[in-house]
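Fold and contact review
Listed here are the chains, written in short residue letters.
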Amino acid sequence: MSQSTTLPHRAPQAPPEVREPAHAPVAHVVRGGIVEGVHHGSVVVLAADGSVAFQTGDIEAAFYPRSALKPVQAVGLLRAGLPPLDDEALALVAASHSGEERHLATARRILATAGLAEDDLRNVPDLPYGSAVRDEWIGRGLGPTRLAQNCSGKHAAMLLTARTRGWRLADYLDPEHPLQVEIAAAVEDLTGQGIARVTVDGCGAPLFAVSLHGLTRAAARLATAAPGTDEGRIAHAMREHPKMVSGSGRDVARLVRAVPGLLAKDGFEGVQIAALPDGRAVGVKIADGADRARMPVTAAALARCGIDPEVLAPFAATPVIGGGAPVGALRAAGALAPPAADDRPTPS
């Protein structure tokens, strides 16, 4: 078994309530000076001491973190006995990768360590997630594969852990499998709360419902973890290899490079976590799952952590295009609105 965190494992609080979240407006789509669309969502900003410095929407309702939970699941795999991997491979374990060749090669390498191959994976076959890689893949006449699917690194590590522990391989995705029980225990420990519901994620793995507050608390615990602990190993790998966690050109990789020490992970349905080494952290959930609102809202939340607005400027707004030219912008709104936000297009 790998070295575990030096922090004591705390008994989790009660699971978050399953209810319709009371989301709030978090982003406006402005075209020609008129609000054309409104994205609702929930946002939490944690101070370095773990207290809630800012919140809007409903940060305590149960929700599914989707792939933003992968860093926590990766810690669970280390606690369950995942054998030593280099930092690139560990980053892929926590990844929603683009399907680039380096991603596929690393997933194959993890499988080979277990004496296994792609056919042993039980994730759903898919085309590469990265748009450029997907287009090139289709151009070569290739179809969906388990290795190309964006969660293949996590699944390869699950198989390697199960093989190492002598557990069954064929049903490693069963929520009652010892592997998934260990991962669930890590989720409860790091979020500090019980799991409200268990369902199936898009890739086929168990998905655990927690609150946005709990998810963000877990991100802060990883970001502040001591080197050599399970949490610290995952955080270090993700910071050092953001393109393994996502892919070339992806906004999360660019954000990690722009903000020193940042730990960040996105998830489907408009989820984002980001945390700094001193414990400041943000969690974002866009209610309608729109990915276009995720990064501008995240940038506004990080600004409340004291990050330099100039550093965040490339992430703070998305142009709204009309006739091939910018005619407005999508940016944070409501309680998150930056001072004197101006969505008007720049005069030509």
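Described below are features of the structure shown in this document. If you're wondering where the values come from, they're calculated on a predicted model, not measured in any experiment.

**Description of the environment of P206**
With respect to the helices, strands and loops of the structure, P206 is situated in strand β6 (residues 206-208). P206 sits 74 residues away from A132 along the chain, and the two C-alpha atoms are 29 Å apart. Leaving out residues up to four positions away in the same chain, P206 has contacts with Q73, L173, P175, Q180, V198 and T199.

**Quick notes on the pairing of strand β3 (residues 52-56)**
Bridging between strand β2 (residues 34-46) and β3 involves four bridges; their strand directions are antiparallel. From the neighbouring strand, L46 faces β3, where its bridge partner is V52.

**Side note on the environment of L46**
Structurally, L46 can be placed in strand β2. Residue class for L46 comes out buried when judged on its relative accessible area of 2%. The spatial distance from the C-alpha of L46 to the C-alpha of V29 is 27 Å, given a sequence separation of 17 residues. When near neighbours in sequence (up to four residues on either side) are disregarded, L46 contacts S51, V52, A53, H213, T216, R217, G279, R280 and A281.

**Thoughts on helix α7 (residues 212-223)**
Taking 1.5 Å of rise per residue, twelve residues should cover 16 Å, and α7 covers 17 Å from first to last C-alpha, within 8% of that figure. Burial within α7 is extensive, with eleven of its twelve residues counted as buried.

So, how was this worked out
Residues numbered from 1 in each chain as written. Predicted model: local features only at pLDDT ≥ 70, side-chain atom pairs only at ≥ 80, totals over all residues. Heavy atoms only, no water. Helix = DSSP H or I, 4+ residues; strand = E, 2+ residues; numbered from the N terminus. Contact = heavy atoms within 4.5 Å. Pairing = 2+ DSSP bridges. Buried < 20%, exposed > 50% of the residue type's maximum accessible area, 1.4 Å probe, protein only. Expected span 1.5 Å × (residues − 1).

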